[in-house]
Amino acid sequence: MHIYVDADACPVKDIIVRLARQYSVPVTMVTDTSHQLHDGYSRIITVDKARDSADLALINLVHCGDIVVTQDYGVAALALSKHCHPIHQNGMLYTSQNMDRHLLERHLGQKMRRSGKRIHGQRKRTPQDDRAFESAFCSLLISLCSPRKDLNT
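Conventions we followed
Residues numbered from 1 in each chain as written. Predicted model: local features only at pLDDT ≥ 70, side-chain atom pairs only at ≥ 80, totals over all residues. Heavy atoms only, no water. Axes fitted to C-alpha atoms, helices over the stretch in contact; angles between N-to-C directions. Helix = DSSP H or I, 4+ residues; strand = E, 2+ residues; numbered from the N terminus. Parallel < 35°, antiparallel > 145°, perpendicular 65-115°, else oblique. Left-handed = near helix turned anticlockwise from the far one by under 90°. Contact = heavy atoms within 4.5 Å. Polar contact = N/O pair within 3.5 Å; in protein donor to acceptor, adjacent residues only side chain to side chain. Buried < 20%, exposed > 50% of the residue type's maximum accessible area, 1.4 Å probe, protein only. Phe/Tyr/Trp six-rings, centres within 6.5 Å; stacked < 30°, edge-to-face > 60°. Pairing = 2+ DSSP bridges.

## Overview of the packing of helix α1 (residues 13–23) against helix α5 (residues 127–145)
Contact geometry of α1 with α5 gives a least axis separation of 10 Å together with a crossing angle of 25°. It follows that α1 is roughly parallel to α5 by the angle criterion. Seen from above, α1 lies across α5 with right-handed handedness. Note on element contacts: α5 touches α1 through Asp130, Phe133, Glu134, Phe137, Cys138, Leu141, Ile142 and Cys145, opposite Ile15, Ile16, Arg18, Leu19 and Tyr23.

## Overview of the side chain of Asp129
Within the secondary structure, Asp129 sits in helix α5. Of note is the side chain of Asp129, whose polar atom sits 2.9 Å from the backbone nitrogen of Thr126. Once residues within four sequence positions are removed from consideration, Asp129 is found in contact with Gln89, Asn90, Arg123 and Lys124.

## Quick notes on helix α3 (residues 73–81)
Helical periodicity: at 3.6 residues per turn, an α-helix aligns residues three or four positions apart in one direction. The set of residues buried in α3 consists of Gly74, Val75, Ala76 and Ala79. Phi turns positive, to about 60°, at His83, one or two residues after α3.

## Quick notes on the packing of aromatic side chains
All chains considered together, the criterion is met by two aromatic pairs. Measuring from ring centre to ring centre gives 6.0 Å for Tyr73 and Tyr94, while their planes differ by 75°; the resulting arrangement is edge-to-face. Placement of the pair is Tyr73 in helix α3 and Tyr94 in the loop between β5 (85–87) and α4 (99–114), with a sequence separation of 21 residues. Overall, the relative accessible area of 22% leaves Tyr73 in the partly exposed class. Residue Tyr94 is classed as buried on the basis of its relative accessible area, which comes to 3%.

## Thoughts on the sheet that holds strand β3 (residues 43–47)
Judged by pairing direction, the sheet is parallel, and its five strands sit side by side in the order β3-β2-β1-β4-β5 without closing on themselves. The outermost strands of the open sheet, each flanked by one partner alone, are β3 and β5. Between one strand axis and the next, the sheet turns through 20° on average, direction left out of account. The pairing of strand β2 (residues 27–32) with β3 spans five bridges and is parallel. Within the sheet, the bridge partner assigned to Thr31 lies in β3 and is Thr46. On the sheet, helix α2 (residues 53–61) packs against β1 (3–6), β2, β3 and β4 (67–69) and is oriented at approximately 155° with respect to β2. On top of the sheet, α3 reaches β1, β4 and β5; it is set at about 160° to β5, its chief contact.

In structure tokens:
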């Protein structure tokens, strides 16, 4: 298992690295050239600043069972299709049960913006948001890192 982070606008990188170290899980952060990252633990992959270049690079790296931290619904959908465990920076786990709704909301938002309508931006991040992510991320790590019992024994 490996943790991959869509790191361009990720506000929880420090939490990810702290918990990954605690559970000895390797981390790769994918970003474009407009960001400089150094945390002393993660492998940093920097790609060109083209549209979706970091997203495509990240998806090309992941394998079944990996954790993907992203706020991009498209990246999360692709991660699900590769049998990964995508999680949003607010702690929400992306699943096959909620992905269609998220993709529809993204589509409707894009359609409204193209027609010139104003859409409210994201609210300011709070310490409660960080705690919610940390709790969900820690639970995910525990569930994936704990040894599985063989049902035949």
